[in-house]
Amino acid sequence: MSESEGIQAAGLGDPALLQKIDELRRLNISPTVPLTQLVVVGDRSTGKSSFLESLTGFPFTRASKGSTSYVIEIVYRRSNTERILVSMRPAPVCGSYMGGNLGNRNAELRAFKAELLPEDRNSKKLQDLFDQAFTLHSERGRPSYKSEFARDVLQIEITGPREEHLTIIDMPGLPDIPKQYSLGEAIDMEVESMVEDYVRMPQTIILAVVSSMDDVKNWRISKIVEDVDPEWRRSIVIFTKPDLVAHHTSKNAIVDMVNQKRTFSDRIPFPRHAYQEKPLLERFIVQNQIGHASTSGPAQHDHAKCVFFNKSPWDQLDKARIGVGSVRSRLRELLLVDRTGRYLFEVKKEVAATLATKKERLELVGEPRVDTDKQRTHLIRAAVRFSEIAKHASDTRNTRNPLSSPSPYLCLASLLQETEKGFAEMLFEKGHHYEFEGEDGTTDFLSIPTYRNDLYEISFVIPNEKEYPELHRILSEPFSCPRVSKGELIDHIREIYSPSPRYELDVFGNSLLPTIFREQSEKWTPLTLAHLSNVILIIHKFIDTAMKAVFPDDGLRVELQKFLSDEFLDCYRRAIKHAEFLLHVECKGRVATTHPNFKDLLANNREERQKRMVREGGKEVSEPSTGRNRVKAKKDAIEAVLPSVEHIYGDVHDVVKTYYEIARARFLDGIHQQAITHFLLDGEQSVFQVFTPERVLSMTSEEVEKIAKESPISTQAREELEQEVENLEKALEVLDA
């Protein structure tokens, strides 16, 4: 059999397995589950198209016009009808690149269709179609965006009773690298990205075509293939143009590489299995087609090949690695037959998983909503689902996402716990204005501008409030809490209070404590309201994300959220109002406590301060054996260091500190337990009581119809989803057969 007899006689795949692939394609499963395909990649001018023509018998060289500038996809299908269908799919580029001309360009490319007879495969008619496609492709793209349109696809579908079930894709070659540019600067990033997209899929079989004349260091395609297939399990390297290599040394190097005696570079080693001596990287060498089809037939080419490879040093090549026939045999033996069987097993798992997802989505879509009763039933079922998601997500014992959605904002409990911890640490570390004795006096400066995440250190990003304009009048300004910036508290006490040495301080009957405490807690208000705004954003983002999971119909979801918006906002307002109430009580109300351990805590604070003052005064308190002597010695040591008026200042400091610590803990618990947990999460008027089955039952028929009435778009989406489910079920039957 001649190498140029083509795909009909090649037998590259197992017909039974490839028949299954063809049936899956007819069921439109390939967009859902990518199927096996043969992709040919390489740099420009490496002879990819010429090699493909020899491999398949299809005239790729006529389609390429010297250099393939767009994707050429040849789809071979076994059928009783013999025909050739030619069409063009436009590149999926952004409309901003082409302005208003994009629609016209795409329409013109899609309108390019033609049908030929089998005998036209090598005729001028096919050549004319190639020329038209090339002209249409090149003229409809602007030069500055030429690389964008390398993603255009010229598809040629060839059917007949003798054809194989096979798809072969010829990719545009990577552009040349000007010597004055570095590798990274010169590569056409769009073309390289496209090549990577095609070869990245694990079911893709890669034929990497390289020119024997090129320096190994310039083989950019080898780096791309290595990145997506590092062990070369699904790749074959094809050396072309050996007849154009001039230097004997270069010829010997090519022979060594084809015979696998030399690696491409230190960067690309030979991967091996522990049980397999032969490298997984397959290498072959083919000779260029001699002349044109009109002047050089298969017999002449085969003879020229034998003569060429019998000359030194080419006669040292492994005979199993020479010629297109060897490539075809290896593809049939190793890649297509072997990989297709294993791959169909993986496809079956993917189809089953996709089917389960589609069925779940179809269940969410529900039955056709033809009347008010069905519309209300649909909303009730969605409300039940939403309540289940909310209950799971707000349970602190559940740390996992309640849905398969990748959104981190569905892990509500863990996010709120993290912000709660951040708020507590911030309130304890920076929530007061004056330093208590013994604290670090480091000063922070307020950063401008201030963002939501500046409030505390957390591992996630607070949702962007710009996404939810309905919250703008509710949320407080972001706040970046600075450290203590007004000096030590005891110095402030000295400034505002001058007692008589004989005066005994009546702490709770004196106006000094309320004044100092209110100054000390001034930052509580902006800190707390900024924290509560963050919590509201997190909860609102969760509700929005959960709603999207519950309602595949975006139109219905938007109408429902619009209808419930005021009720959600009322929940947020109640929480904020209660937080403001707690702030007023703590920061502006009566300074009092019934804490049973107040005196003990005060005594501990006094003792700690006195020990510190003794140490700082250079004195050490001795430890006599009796308790009375110990007390007297400690008192003498303290009085030796501190004048009597300082005792009073110290007492005021200790009382303020003790009361501040009690009030701070009390306030922190109040914000968490009341403003957040009760008013936002668990209470009878919390946000998760806004959308419940009971709330749906209370809606009027007019409200239900306005929200849940099915639009033509929703009906079409359901029908498409039902068709997808049906196709996936048929696909499983095909794979099980």
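So, here is what we can say about the structure in this document.

1. Comments concerning the sheet that holds strand S1 (residues 37-42)
Taken together, 9 strands build an open sheet; the order of strands is S4-S3-S5-S2-S6-S1-S7-S8-S9 and the sheet is mixed. The sheet is open, and its two edges are formed by strand S4 (113-116) and strand S9 (282-285), each paired on a single side. Averaged over all neighbouring strand pairs, the angle between strand axes comes to 20 degrees, with direction disregarded. In terms of strand pairing, strand S8 (residues 235-240) meets S9 through 4 bridges, oriented parallel. Pairing of Val237 across the sheet is with Arg283, part of S9. Against the sheet, helix H2 (residues 48-56) makes contact with S1, strand S2 (71-78), strand S6 (166-170), strand S7 (204-211) and S8, and its axis sits at roughly 160 degrees relative to S6, the strand it touches most. Those strands touched by helix H10 (residues 248-258) are S8 and S9, and its axis lies near 140 degrees from that of S9.

2. Some details on the packing of helix H18 (residues 554-588) against helix H23 (residues 701-708)
Closest axis-to-axis distance for the H18/H23 pair is 8 Å, and the angle between their directions is 140 degrees. It follows from the interaxial angle that H18 and H23 lie oblique. Along the contact surface, H18 presents Leu556, Glu559, Leu560 and Phe563, while H23 presents Glu703, Lys706, Ile707 and Ala708. A per-class count over the contact of H18 with H23 returns 5 nonpolar, no polar and 3 charged.

3. Focus on helix H15 (residues 489-496)
Among the residues making up H15, those that are buried are Leu489, Ile490, His492 and Ile493. Seen along its axis, H15 keeps its buried residues to an arc of 155 degrees; they face one direction.

4. Notes on unusual backbone geometry
Of note, the bond from Ser312 into Pro313 is cis; its omega dihedral lies within 30 degrees of zero at -5 degrees. A positive phi angle, close to 60 degrees, is found at Lys241, a residue other than glycine. Within the secondary structure layout, Lys241 lies in the loop between S8 and H10. A residue is classified by how much of its surface remains accessible, and Lys241, at 15% relative accessible area, is buried.

Cut-offs and rules
- Residues numbered from 1 in each chain as written.
- Predicted model: local features only at pLDDT ≥ 70, side-chain atom pairs only at ≥ 80, totals over all residues.
- Heavy atoms only, no water.
- Pairing = 2+ DSSP bridges.
- Helix = DSSP H or I, 4+ residues; strand = E, 2+ residues; numbered from the N terminus.
- Axes fitted to C-alpha atoms, helices over the stretch in contact; angles between N-to-C directions.
- Contact = heavy atoms within 4.5 Å.
- Parallel < 35°, antiparallel > 145°, perpendicular 65-115°, else oblique.
- Nonpolar A, V, L, I, M, F, W, Y, C, P; charged D, E, K, R; others polar.
- Buried < 20%, exposed > 50% of the residue type's maximum accessible area, 1.4 Å probe, protein only.
- Arc of directions from axis to C-beta.

So yeah, pure geometry; function would need other evidence.
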